[in-house]
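What the coordinates show
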Amino acid sequence: MKKHRVAILADFPLKALEGASGRGGGQASTWLPQLASAFEARPDLDVHWLVLDRTSRRHRSVEALGQHFHRVPSLPFSANLALRYLPARWSFRRVLGRIRPDVIHAWGAEQIYPAALQDFNGPGVFSLNGALNHYRKIGGLPDDWRWRTMVSSEAGFVKAATVVTAESPWARERIMELDPAADCRVVEYGVHRRFFDTPWRPDPDDPYALYVGGGGHRKGTDVLYGALARMGPRNWRMCFAGDEALRLEVERSGAPGCEYLGMLAWDRLTEALSKAWCVVVPTRADTGPTVVKEARVVGVPVIGTVNGGLRDYVRSGVNGLTVDPLDEEHLVRALDDVMGSFARAEALGKGRHEEDRADFDPDLTAARLASIYHEVASTGGGREC
């Protein structure tokens, strides 16, 4: 097979190359480090990562994992948005002109990277991270000009790509709403290997449920706080892992029996997952979410909803429970079901465990993306905008 050069434009957490890990390691896009590790074992690809860096005035690059990581000088995010992405597009054109890739792959409409698809004279792949138009419809985004700009750009990014990838069937449905003609493929984002190496060992004498992520309406945390308040006295804790905004939200809710764990790097997150009786994800919309995949790789059952990609991961009564409709009463029932019986939690944790581990293997993500790269690079060209 011919070796193809691929330029991946994404918010890659460069601190991961220095050993930092997970959300508490200063990382967003936590699925990208394991993807880069998986690409190391693929001699059929020459991979160049392009990461915008507003702290630098010149293009710099380093080699790691058999790949090239480029820091591309950038104006602040808001300035790029105000100027309709033009400064970043100019920077990308310069670096891509030096690299001369066969195909480019841009991630995330909530980022600037997909703007490069409009200028590249060749095939491009666009990966959806957040379904922004859908998030706006359910009131899940702030109402300011930055988010309005990103929402208005999303459909154009889809139309500019040769192939669009979605991390779940639910996310694919959102893409097809934007452009029914899109060539959209489902490519699940794999989980870091350290989660595969973490055994699930919940303590029957220390029951707790775990929430990991941000707060706000879209995440459905308001329903969770309301459910906890309705439950009255209980013998288990509800633990929250996330940023400072989540801590303030938990405190303001006044929900009883809650414990805030902070922003967790992967070593602390795997420890928390390994002992949790279940993970609770009361989302109103998420393309993934990543924590559901991490939980299922470890073997933790998930209490989730049908409002996002986890609809396609959680088999209610098999590897978790689905709260439908999402309201306090139904969430209380689900929490009582799992947290009221250690045997019940164990049984759900074991359900489909091996199948879930196979589905979220990062090598599978790399293989599927490599297949797309070779396909579009061999045919050449891009979509008509």
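Residues numbered from 1 in each chain as written. Predicted model: local features only at pLDDT ≥ 70, side-chain atom pairs only at ≥ 80, totals over all residues. Heavy atoms only, no water.

The chain has the name Glycosyltransferase group 1 family in an unreviewed UniProt entry, where Haloferula helveola is given as its organism.

Across its full length, the chain holds 15 helices and 14 strands. By the compact-globule yardstick of 21 Å for 385 residues, the chain fits well, its C-alpha radius of gyration being 21 Å. Within the chain, the fraction of its 385 residues that count as buried is 56%. Within the chain, contacts between residues at least 6 apart in sequence are counted, and of these 64% link residues at least 24 apart. Working note: accessible area of the chain is about 15800 Å², and carbon and sulfur atoms make up 48% of it. With 49 positive and 49 negative side-chain charges, the chain shows a separation of 6 Å between the mean positions of the two kinds. (Helix = DSSP H or I, 4+ residues; strand = E, 2+ residues; numbered from the N terminus. Rg over C-alpha atoms; globule rule 2.2 N^0.38 Å. Buried < 20%, exposed > 50% of the residue type's maximum accessible area, 1.4 Å probe, protein only. Contact = heavy atoms within 4.5 Å. Areas by Shrake-Rupley, 256 points an atom, 1.4 Å probe, with all protein chains shown as cover. Lys, Arg positive; Asp, Glu negative; His and termini not counted. Charge placed at Lys NZ, Arg CZ, Asp CG, Glu CD.)

The strands that make up a sheet are held in pairs by hydrogen bonds between backbone atoms, and each pair lies either parallel or antiparallel. One open sheet holds the 8 strands; their spatial order is β3-β4-β2-β1-β5-β6-β7-β8, and the pairing between them is mixed. Across the chains shown, the open sheet's two edge strands, defined by having one partner strand only, are β3 (60–64) and β8 (184–186). Put simply, the sheet's adjacent strands are angled 25 degrees from each other on average, direction ignored. Relative to β8, strand β7 (residues 163–166) runs parallel, the two being bridged by 3 bridges. Counted as the bridge partner of Ala 166 is Val 186 from β8. (Pairing = 2+ DSSP bridges. Axes fitted to C-alpha atoms, helices over the stretch in contact; angles between N-to-C directions.)

Let us look at the nonpolar core. If you look at the biggest cluster of nonpolar residues, it comprises 70 residues, and the most contacted ones within it are Phe 39, Trp 49 and Phe 92. If sequence neighbours within four positions are ignored, Phe 92 has contacts with Leu 9, Leu 50, Leu 52, Val 72, Ile 112, Tyr 113 and Ala 116. (Core = buried A, V, L, I, M, F, W, Y, C linked by side-chain atoms within 4.5 Å.)

Moving on: the pattern of salt bridges. Per the stated rule, a full pass over the model turns up 31 salt bridges. Arg 185 is paired through a salt bridge with Asp 183; the nearest N and O atoms lie 2.7 Å apart. On the basis of relative accessibility, which here comes to 22%, the residue Arg 185 falls in the partly exposed class. Take Asp 183: its relative accessible area is 31%, and that puts it in the partly exposed class. Linking Arg 247 and Glu 244 is a salt bridge whose minimum nitrogen-to-oxygen distance equals 2.2 Å. With Arg 247 and Glu 244 both in helix α9 (residues 244–253) and 3 residues apart, the pair spans about one turn of that helix. With a relative accessible area of 22%, Arg 247 lands in the partly exposed category. Several salt bridges converge on common partners, so that one network encompasses Glu 173, Arg 174, Glu 177, Arg 311 and Asp 312. (Salt bridge = Lys/Arg side-chain N within 4 Å of Asp/Glu carboxyl O.)

Applying the stated criterion across every chain, the model contains 15 aromatic pairs. Summarising the aromatic geometry, the rings of Trp 31 and Trp 107 are spaced 6.5 Å apart at their centres and angled 35 degrees between planes, so their arrangement reads as tilted. Linking Trp 31 in the loop between β1 (4–9) and α1 (32–39) with Trp 107 in strand β5 (residues 103–107), this pair joins segments that are 76 residues apart in sequence. This pair shows no difference in class: Trp 31 is buried, exactly as Trp 107 is. Connected via pairs of aromatic rings, a cluster forms that spans Phe 12, Trp 49 and Phe 69. Between Arg 193 and the ring centre of Phe 196, over which it is positioned, the NZ or CZ distance is 5.0 Å. (Phe/Tyr/Trp six-rings, centres within 6.5 Å; stacked < 30°, edge-to-face > 60°. Lys NZ or Arg CZ within 6 Å of the ring centre and 35° of its normal.)

Per the UniProt record, "domain: Glycosyl transferase family" (unreviewed entry) is annotated on residues 200–341. Across residues 200–341, helical content stands at 37% and strand content at 17%; the span's end C-alpha atoms are separated by 16 Å. (UniProt positions renumbered as here; feature names shortened; annotations may be inferred.)

Contact geometry for α1 and helix α15 (residues 362–379): axes closest at 9 Å, N-to-C directions at 70 degrees. The orientation of α1 relative to α15 falls into the category roughly perpendicular. Relative to α15, α1 is oriented so that their crossing is right-handed. Contacts from Gln 34, Leu 35, Ala 38 and Phe 39 of α1 reach α15 at Pro 362, Asp 363, Thr 365, Ala 366, Leu 369 and Tyr 373. (Parallel < 35°, antiparallel > 145°, perpendicular 65-115°, else oblique. Left-handed = near helix turned anticlockwise from the far one by under 90°.)

Another point: α15. Compared with an ideal rise of 1.5 Å per residue, which puts 18 residues at 26 Å, α15 spans 26 Å between its outermost C-alpha atoms and is within 8% of the ideal. All of the buried residues in α15 are Pro 362, Thr 365, Ala 366, Leu 369, Ala 370, Ile 372, Tyr 373, His 374, Val 376 and Ala 377. Among the residues trailing α15, Gly 380 stands out with phi positive, at a value near 75 degrees. (Expected span 1.5 Å × (residues − 1).)

As a further point, take the UniProt feature "domain: Glycosyltransferase subfamily 4-like N-terminal" (unreviewed entry) in the chain. The positions UniProt marks with the feature "domain: Glycosyltransferase subfamily 4-like N-terminal" (unreviewed entry) are residues 35–192. Note that residues 35–192 is 36% helix and 23% strand, and that its end C-alpha atoms are spaced 8 Å apart.

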